[in-house]
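Spelled out, the chains give:
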Amino acid sequence: MVSTITELKTRIDAYLDQALPMDIDQPTLKESMCYSVEAGGKRLRPALTLATIEMLGKKIDQNALRAACALELLHTYSLIHDDLPAMDNDDLRRGEPTNHVKFGAGMATLAGDGLLTLAFQWLTDNQLPVDVQANLTLALAKAAGPSGMVAGQARDIEGEGQHLKLTELQYLHRQKTGALLKYAVQAGGIITEQPVTVIDLLGTFGAQFGLAFQIYDDIMDVVATPAQMGKATQKDAAEHKNTYPGLLGLDGAKEQLQKALSQAKAAQQQLAELTGRSMAGFDQFLAYFKL
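Residues numbered from 1 in each chain as written. Predicted model: local features only at pLDDT ≥ 70, side-chain atom pairs only at ≥ 80, totals over all residues. Heavy atoms only, no water.

Draft legend 1. Looking closely at the overall build of the chain. Counting its regular elements, the chain contains 14 helices and two strands. Taking 19 Å as the expected radius of gyration for a compact globule of 291 residues, we find that the chain reaches 18 Å, a close match to that expectation. Across its three principal directions, the C-alpha atoms of the chain cover 50 × 45 × 30 Å. Buried residues in the chain amount to 52% of all 291 residues. Long-range pairs, those at least 24 residues apart, make up 73% of the contacts in the chain with a sequence separation of at least 6. When the accessible surface of the chain is totalled, it reaches about 13100 Å², and 53% of it is carbon and sulfur. (Helix = DSSP H or I, 4+ residues; strand = E, 2+ residues; numbered from the N terminus. Rg over C-alpha atoms; globule rule 2.2 N^0.38 Å. Buried < 20%, exposed > 50% of the residue type's maximum accessible area, 1.4 Å probe, protein only. Contact = heavy atoms within 4.5 Å. Areas by Shrake-Rupley, 256 points an atom, 1.4 Å probe, with all protein chains shown as cover.)

Draft legend 2. Focus on the pattern of salt bridges. Inspection of every chain in the model, using the stated rule, returns eight salt bridges. The residue Arg66 makes a salt bridge to Asp23 at a minimum N-O spacing of 3.7 Å. Remark: Asp23 occurs in the loop between helix 1 (5–19) and helix 2 (27–37) and Arg66 occurs in helix 4 (residues 62–83); sequence separation between them is 43 residues. Of the residues examined, Arg66 reaches a relative accessible area of 11% and is grouped as buried. By relative accessible area, Asp23 is classed as partly exposed at 32%. Here Arg43 ties to Glu72 by a salt bridge, and the two come within 2.9 Å at their closest N and O atoms. Placement of the pair is Arg43 in the loop between helix 2 and helix 3 (44–55) and Glu72 in helix 4, with a sequence separation of 29 residues. Just as Arg43 is buried, Glu72 falls in that class too. When salt bridges with common partners are traced through the structure, they connect Lys9, Asp13, Arg43, Glu72 and Arg94 into a single cluster. (Salt bridge = Lys/Arg side-chain N within 4 Å of Asp/Glu carboxyl O.)

Draft legend 3. Fine view of the nonpolar core. Grouped together as the largest cluster of nonpolar side chains are 83 residues, with contacts concentrated most on Leu136 and Phe282. Contact partners of Leu136, with chain neighbours within four places excluded, come to Ala67, Leu123, Leu128, Tyr183, Ala187, Ile190 and Ile191. (Core = buried A, V, L, I, M, F, W, Y, C linked by side-chain atoms within 4.5 Å.)

Draft legend 4. Just the packing of helix 7 (residues 130–144) against helix 9 (residues 166–191), in detail. Between helix 7 and helix 9, whose axes approach to 9 Å, the crossing angle comes to 170 degrees. Here helix 9 runs roughly antiparallel to helix 7, going by the angle between their axes. Residues Val132, Asn135, Leu136, Ala139, Leu140, Ala143 and Ala144 of helix 7 pack against Ala179, Leu180, Tyr183, Ala187, Ile190 and Ile191 of helix 9. (Axes fitted to C-alpha atoms, helices over the stretch in contact; angles between N-to-C directions. Parallel < 35°, antiparallel > 145°, perpendicular 65-115°, else oblique.)

Draft legend 5. The arrangement of the side chain of Thr243 in detail. Locating Thr243 in the fold gives a position in the loop between helix 12 (235–238) and helix 13 (244–275). On the basis of relative accessible area, Thr243 is assigned to the buried category, the value being 11%. Within the structure, Thr243 has its side chain in polar contact with the backbone nitrogen of Gly246 (distance 3.0 Å). (Polar contact = N/O pair within 3.5 Å; in protein donor to acceptor, adjacent residues only side chain to side chain.)

Draft legend 6. Looking closely at the UniProt feature "coiled-coil region" (unreviewed entry) in the chain. If you check UniProt for "coiled-coil region" (unreviewed entry), the listed places come out as residues 250–277 in our numbering. Taken end to end, residues 250–277 comprises 93% helix and 0% strand; its first and last C-alpha atoms sit 37 Å apart. (UniProt positions renumbered as here; feature names shortened; annotations may be inferred.)

Draft legend 7. Fine view of the packing of helix 1 against helix 4. Where helix 1 contacts helix 4, the two axes come as close as 10 Å, and the packing angle between them is 85 degrees. In this view, helix 1 runs roughly perpendicular relative to helix 4, as classed from their interaxial angle. Each of Arg11, Ile12, Tyr15, Leu16 and Ala19 in helix 1 lies in contact with helix 4, whose residues at this interface are Gln62, Leu65, Arg66, Cys69, Glu72 and Leu73. Grouping the amino acids of the contact of helix 1 with helix 4 by side-chain chemistry returns seven nonpolar, one polar and three charged. (Nonpolar A, V, L, I, M, F, W, Y, C, P; charged D, E, K, R; others polar.)

So, in structure tokens, the structure goes:
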């Protein structure tokens, strides 16, 4: 039986609340790091890892929970740095003042730095097999680093004011948003020590889910209110950023969303056939995309 996203989120939140303060030495830094982690969020990334573990027939223990929550630390670091004045200069995140608004740009930068490095500490400071720790660390470093998320952010900055082609926009978002979501799903396969064929197919599902996630976020930036999103909306167009609605219009963006979801569902079916296990636990994640 696979846990619901709500059940997984409860376990993730409880672990973060308990474990995070224990690893931070400086009081203001602790307050700043905990502020952004505890601000909420959907916890989709660690929840994807934990759900994948359960679908592959393993129970979630404290070691798996710690490794999964490491991804939430890294994701939160990326949000703090995204919001900084030198980047997106956002004042609102998850309905609350952004970290730099509350603590200043310097402390916010250090909070992000602390979460980034602590994420890799948590991947190795557990009782998982050493080869599993190494594989998780390598995979997350690649997903988050200069050939993954950071490269996507760089492409996003350089792309402002330019009109990217669809293939270029897809590549940007595959790195910027998709890389961590791809890793989230693959991490469940790594922790349960699946063969390479299964881990690769998990990556296919995660990559398509990640692409759908970014397209959906682009669409919601146009059609949703700040109250619904917990952050400022309609900034992308004002800042001349490359988005799916900006390139293809809303209808075209919705078409690309459905295409990504169809490919994710195809990978989900292939995983069920390859592993002989139900992958229906992914359905609740795919239900996130409601227009």
